[in-house]
Amino acid sequence: MNYRIKFAKLEDLMYISHLEVIKTLRRIIRRAELPAAFSQGYNPRINLAIGPPLAVGLISQGEYFDLELEVDLEPEQLLSDLNSASPEDLKFLKAVRIPADVRSLSSLVDTAIYTINFDYTEPKTLEEEKQMLEEFMNQEEIMIIRHRRKKSDRKIDLKERIFSANIKAENKWEFAVVTGSRGNVRPEELNRALREKHPEIKEFSPLQVVREGVFVKDEENFKPPYTEKFIGS
Amino acid sequence: MQFKKKIIENLYKISSPERYTGNEWNSIDKEWNPERLKVALAFPDVYEIGMSHLGLKILYHLINREENMLAERVYAPWQDMEDLMKEEEIPLYTLESYHEIKDFDILGFTLQYEMSYTNILNMLDLSGLALYASERKEEDPLIIAGGSTVFNSEPIADFIDLFFVGEAESLIIELLNKYKSLKAQALTKSEILKKLNKMPGIYVPSLYSEEYGDNGEILALNSAEGEKEKVKKQVVKNLDLAFYPTDFIVPYRDTVHERVVLEISRGCTRSCRFCAAGMAYRPVRERSVERLLDLAEKALKSTGYDEISLTSLSTVDYTDSKNLVQKMTERFSDRMISISLSSLRVDKFSVELAEEVNKVRKTGLTFAPEAGTQRLRDVINKNITEEDIYSAARSAFENGWSKIKLYFMIGLPTETMEDVRGIAELAQKIRDLGQEVRRNTKQRMRRIEVSVSVSTFVPKVFTPFQWHQMDDIETIIKKHDYLRDNIKGRSFSFSWNDPELSRLEGVLARGDRRLADVIVSAWEKGSRFEGWHECFEPRIWGEAFRENNIQPEEYLRERAAEEIFSWEKLDIGIPKSFLLKEYKNAQQEVLIDDCRTADCHGCAVCGNFEVDLELVGGRTDEL
């Protein structure tokens, strides 16, 4: 049986990289003594496919992976087994049975939603923040230099990568941005682009950001990748 | 004080932040109540190296089992983290509770290799502690150290309050309890240290001194009045009954050994004359097959690892190795758990054993002939023949291995260019053998690759070669050049150590207390992580030696037979006369056998520790 599993990666694990998360998931599955299916070949590994990477230094409330078991286990049982063998800040939140030929997470997921609490040198009202965001989003383009590890810097346009942006409450900005194979946006870049216009915004801290989760863009809505529409056979 | 928020907020600025966050599965974060003795266990290298050290794992779990104690971990920060800590005024802290080191009662260093000494100083400094023990305050944590280079810890003796000599499981809890009760009596640090020095295996360096002659030679070693003259190494008497952890911490980051590590035995009696571990960890003690299976089962369950590594100084010397390996594969292979062996000997039996655990995946096999000619292998008492090497290599190739790694040393006693040539010739013959097997096999086999790794021999204390003169730089380079020119071609790779680094290791390995100021100078000039090739700067050390008027060559010279050595404040249980006899045997190319199967050679270890060799397969002459 195949499952799509949602998990949260919180503060204690915020600096754990994508590959380290995959390794950790495999070890959790072994510790939980779950009857996982193994890949074929010389070096058999637990069959597991994870969604788009989460940047090192960020926490997330909604990441996903697909897992194949040799048996059919109740999703509730699977969740409690996983949680019993997992560090406190890696929490398994939901498990849904999926057909074996389901669209993979990497081809399906295209959106990440971030909430950011900016720090200002002087306090802002909600109205001022809304004004700032409107001006920001009304630009023709939002060009920024992307620094890449071991590669040359590159100029990118954030505008075309932001699906939507809102102020949810005072000092609570929400951005839905592209993620996965079609590109991505780093919260630190949003901070930097805004700061160019508004120097009163303080320097970026990863503690100001929460990735609310990854989603699938469905016209104007963002839906979780376990929605019936995407997993129905 | 704790600085967790500040640390977490800033770590995104540096590389590999997960080195500094802790929170791993199985890490133990005990409550800080006043009744608990608080111990910070420090490893003077980066996280991924330190996390692979078995001794530290044992101590961590051993101490944390005690209700009235807690132990937390701290590793050396890499340069970018050091800069960040200084900029943000974050002191060195432990990974469990994020308490700064000054909050602890004891800071204990594991001494693993000489090249980490400047990291020890750096860690003291980042903790806000004075480097020299004599300058530290009453309320500062007690700085203790132990581990494999404790057998010559004289170069850092001025920085450490107390050394533990030998295997810590044997006595560490007793030591900590004693310290706790003495501290409760409101005694001063120096009074406490004096009392602790009465315990076996405990060495308080401030109670000992060295006396030098006009030519820099050591005239005498002195101990303070009423103190024992020599400190005797402590050993675990019954390894099978000794504590061994199974709930290993599981790191997130890639570390050197990401697997269940099972120490199957301790000690080695092969008597290779160059080998420090072979002398220092005697006698041989083995764990039983039943206990090892039980430990493996528990550790796999607790960690979720998919590999078990059977380790010891010489895995195939375990007297029931075939049975052990068979039982392990039987029990775990259907769970997709792989088993790996460390330290194979160069013989056919080793290849058979490797075949047993490696039925599917065949990556590489490593052999250590150590020297290129039979004459020189006899000098070092390696006890393997040319025939052993070829039959092992042939057997490996025939069983499908295509990559073989060979370890050699240059600079061994009596070595000539003839012996160096022997290294190249041996490598070529093994390559030819591999290609012949590959031509004639019906199986698909990858291209033969022979990698030759040559390190420069560094004479180590308490070995028969502790008297030997180390090669000078020019000689080392000449030998490297010869090998590089003669181990060439598509099927070979050749690697060697930086000669300057080997030379520094040589100085520190047989050093004395006069080197303390040199190490401080090098640290002040920015020296860190010497063991990492890219971080080592010979220029810094050259200046440090000059400024302190120390001639490094003085420490590399041939020593006189009757000379007093700085490290003889310690007693590893093997008399100097035995080592000297062995040095003479070496020069005359006289071999001695393994005392597990042959007669006792009089190293006296068994008698000195009132132990017998513990061999689970029994004493047999068939080995």
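Values in this document were obtained by computation on a predicted structure and should not be read as measured data.

**Q** An account of the overall build of chain A is requested, with residue identities and associated values reported.
**A** When helices and strands are tallied, chain A shows 6 helices and 11 strands. The C-alpha radius of gyration computed for chain A amounts to 19 Å, which stays within 12% of the reference 17 Å derived for 233 residues, consistent with globular compactness. Split into buried and exposed, the 233 residues of chain A put 32% on the buried side. Here the analysis covers contacts within chain A between residues at least 6 apart in sequence; of these, 73% occur between residues at least 24 apart.

**Q** I'd like to hear about the overall build of chain B, residue by residue, with values.
**A** Helix and strand content of chain B: 20 helices and 19 strands. Expected size for 623 residues packed as a compact globule is a radius of gyration near 25 Å; at 24 Å, chain B falls within 12% of this value. Sorting the 623 residues of chain B into buried and exposed places 49% on the buried side. Counted over contacts in chain B with a minimum sequence separation of 6, partners at least 24 positions apart contribute 78%.

**Q** Can you break down the domain arrangement of chain B residue by residue, with the values?
**A** All names here are of chain B. Per the domain assignment, the segments making up chain B are domain 1 (4-232) and domain 2 (256-343 + 586-613). For domain 1 versus domain 2, the separation of C-alpha centres amounts to 28 Å. Between domain 1 and domain 2, the contact holds 6 residues from the first and 7 residues from the second. The residue inventory of the side of domain 1 that touches domain 2, partitioned by class, reads 3 nonpolar, 2 polar and 1 charged.

**Q** Before we move on, could you go through the interface of chain A and chain B and cite the residues and values that matter?
**A** Facing 20 residues of chain A, the contacting portion of chain B comprises 20 residues. Here the side of chain A that touches chain B is built from residues that sort into 11 nonpolar, 4 polar and 5 charged.

**Q** Any details on the environment of B:Leu556? Residues and values, ideally.
**A** Residues and elements named next belong to chain B. Secondary-structure assignment places Leu 556 in the loop between α18 (538-547) and β19 (570-571). For Leu 556, a count of 20 C-beta atoms within 10 Å gives the class buried. Taking the C-alpha atoms as reference points, Leu 556 and Ser 223, separated by 333 residues in sequence, lie 26 Å from one another. With near-sequence residues (within four places) excluded, Leu 556 lies in contact with Gln 469, Met 470, Gly 506 and Val 507.

**Q** How would you explain the UniProt feature "domain: DUF2344" (unreviewed entry) in chain A if you had to name every residue and give the values?
**A** Here, UniProt's "domain: DUF2344" (unreviewed entry) annotation points to residues 3-187 of chain A. Along residues 3-187 of chain A, the helical share is 22% and the strand share 31%, with 30 Å between the first and last C-alpha atoms.

**Q** Give a detailed account of the confidence of the model for chain B, specifying residues and quantitative values.
**A** For chain B, mean pLDDT is 92; residues scoring 70 or higher make up 98% of the total. We note a pTM of 0.93 for the whole complex and an ipTM of 0.90 for its interfaces.

**Q** So what's going on with the nonpolar core? Residues and values would help.
**A** Residue and element names in this part refer to chain B. Ranked by size, the top nonpolar core spans 217 residues in total, and within it Val 39 and Ile 160 carry the most contacts. Looking at this core element by element, the count peaks at 8 residues for helix α14 (residues 417-440). In this structure, Ile 160 is in contact with Ala 133, Ile 143, Ile 144, Ala 145 and Pro 205, ignoring residues within four places of it in sequence.

**Q** Describe in detail the confidence of the model for chain A, supporting the description with residues and values.
**A** On average, chain A scores 93 in pLDDT, and the residues at 70 or more come to 100%. Within chain A, helix α2 (residues 75-84) of chain A carries the highest mean pLDDT (98), whereas helix α6 (residues 228-231) of chain A carries the lowest (90).

**Q** Could you give an account of helix α16 (residues 499-509) of chain B, with specific residues and numbers?
**A** All names here are of chain B. Across the 11 residues that make up α16, a large majority, 9, are buried. Listing the buried residues of α16 in full gives Pro 499, Ser 502, Arg 503, Leu 504, Glu 505, Gly 506, Val 507, Leu 508 and Ala 509. The inward-facing, buried residues of α16 contact α5 (117-126), β17 (449-456), α15 (473-486) and α18.

**Q** Got a sec to walk through the sheet that holds strand β15 (residues 364-370) of chain B? Specific residues and values, please.
**A** All names here are of chain B. With parallel pairing, the 4 strands of this open sheet are ordered in space as β15-β16-β17-β18. Lying at the two open borders of the sheet, with one neighbouring strand each, are β15 and β18 (492-496). The mean inter-strand angle of the sheet, taken between neighbouring strand axes irrespective of direction, is 20°. One ladder, built from 8 bridges, connects strand β16 (residues 403-410) with β17; its direction is parallel. By the bridge assignment, Met 409 is partnered in β17 with Ser 455.

**Q** Got a sec to walk through the packing of helix α17 (residues 516-524) of chain B against α18(B)? Specific residues and values, please.
**A** All names here are of chain B. Between α17 and α18, whose axes approach to 8 Å, the crossing angle comes to 135°. With respect to their mutual orientation, α17 and α18 come out oblique. The two elements α17 and α18 cross, and the hand of that crossing is right-handed. Along the contact surface, α17 presents Val 518, Ser 521 and Ala 522, while α18 presents Ile 540, Trp 541, Ala 544, Phe 545 and Glu 547.

**Q** Got a sec to walk through the pairing of strand β7 (residues 208-212) of chain B? Specific residues and values, please.
**A** As paired strands, β7(B) and strand β8 (residues 218-223) of chain B are joined by 5 bridges and run antiparallel to one another. The partner of B:Tyr212 across the bridge, within β8(B), is B:Ile218.

**Q** Any details on the sheet that holds strand β10 (residues 260-263) of chain B? Residues and values, ideally.
**A** Residues and elements named next belong to chain B. Ordered in space as β10-β13-β14, the 3 strands form an open sheet in which the pairing is parallel. The sheet is open, and its two borders are formed by β10 and β14 (338-341), each paired with just one other strand. Strand-to-strand twist across the sheet, computed as the mean angle between neighbouring axes with direction ignored, equals 25°. Both strand β13 (residues 307-311) and β14 contribute to a ladder of 4 bridges, which runs parallel. Bridging from a neighbouring strand, Ile 308 pairs with Ile 339 of β14. Strands β13 and β14 of the sheet are contacted by helix α10 (residues 321-332), whose axis makes an angle of about 160° with β14.

**Q** Can you break down unusual backbone geometry residue by residue, with the values?
**A** Generally, phi is negative for residues other than glycine and the peptide bonds are trans, each holding for most cases. Residues and elements named next belong to chain B. Pro 283 follows Arg 282 through a cis peptide bond whose omega is -5°. With respect to the secondary-structure elements, Pro 283 resides in the loop between α8 (276-280) and β12 (285-286). At Phe 529, a residue that is not glycine, the phi angle is positive and equals roughly 45°. For Asn 549, which is not glycine, the phi torsion reads 55° and is therefore positive.

**Q** Let's hear about the environment of B:Leu171: which residues, and what values?
**A** Residues and elements named next belong to chain B. Within the fold, Leu 171 resides in the loop between β5 (162-164) and α6 (172-184). Once the C-alpha coordinates of Leu 171 and Met 199 are considered, the two residues, 28 residues apart in sequence, prove to be 9.2 Å apart. Beyond its immediate sequence surroundings of up to four residues, Leu 171 is in contact with Gly 201 and Gln 234.

**Q** Report on the environment of B:Lys230, specifying residues and quantitative values.
**A** Residues and elements named next belong to chain B. In this fold, Lys 230 is placed in the loop between β8 and β9 (231-232). Separated by 337 residues in sequence, Lys 230 and Trp 567 have C-alpha atoms that sit 10.0 Å apart. If we ignore the near neighbours within four places in the chain, the residues touching Lys 230 are Lys 569, Leu 570 and Asp 571.

**Q** Explain the domain arrangement of chain A to me, and be specific about the residues and the numbers.
**A** All names here are of chain A. Domains assigned within chain A are domain 1 (2-103) and domain 2 (111-218). Using only C-alpha atoms to locate each centre, domain 1 and domain 2 end up separated by 29 Å. Domain 1 puts 13 residues into the contact, and the matching count from domain 2 is 11 residues. By residue class, the composition of the side of domain 1 that touches domain 2 is 7 nonpolar, 5 polar and 1 charged.

What counts, and at which threshold
- Numbering of residues starts from 1 in every chain and runs along the sequence as written.
- For this description, chains carry letters from A and ligands carry numbers from 1, given in the order in which they are written.
- The predicted nature of this model means local features are confined to residues of pLDDT at least 70 and side-chain atom pairs, given and counted, to a pLDDT of 80 or more, with totals for whole chains, interfaces and linings taken over all residues.
- Only runs of H or I of at least four residues qualify as helices and only runs of E of at least two qualify as strands under DSSP, and these elements are numbered from the N terminus.
- Note on method: radius of gyration uses C-alpha positions; expected globular size equals 2.2 Å times residues raised to 0.38.
- In this scheme the burial state of a residue depends on its C-beta neighbours within 10 Å: 20 or more other such atoms mean buried, 12 or fewer mean exposed, and anything in between means partly exposed; the C-beta positions come from the backbone.
- Residues are defined as contacting one another if the C-beta atoms placed from their backbone atoms lie within 7 Å.
- Segment limits for the domains were obtained from an automatic or database-derived domain assignment.
- Each residue gets one label: Ala, Val, Leu, Ile, Met, Phe, Trp, Tyr, Cys and Pro are nonpolar, Asp, Glu, Lys and Arg are charged, and the others, such as Gly, are polar.
- UniProt positions are given in the numbering used here, feature names are shortened, and annotations may be inferred rather than shown by experiment.
- Every residue is assigned a pLDDT by the predictor, reflecting its confidence on a scale from 0 to 100.
- By convention the nonpolar core is taken to be a set of buried residues drawn from Ala, Val, Leu, Ile, Met, Phe, Trp, Tyr and Cys and joined through C-beta atoms within 7 Å.
- Note: two strands are recorded as paired if DSSP finds a minimum of 2 bridges between them.
- Between the N-to-C directions of two axes lies an angle of 0 to 180 degrees, each axis being a line fitted to C-alpha atoms and, for a helix, fitted only over the stretch in contact.
- In this scheme, roughly parallel covers angles under 35 degrees and roughly antiparallel covers those over 145, while 65 to 115 is roughly perpendicular and the rest are oblique.
- By convention the crossing between two helices is left-handed if the near helix lies anticlockwise of the far one by an angle smaller than a right angle, and right-handed if it lies clockwise.

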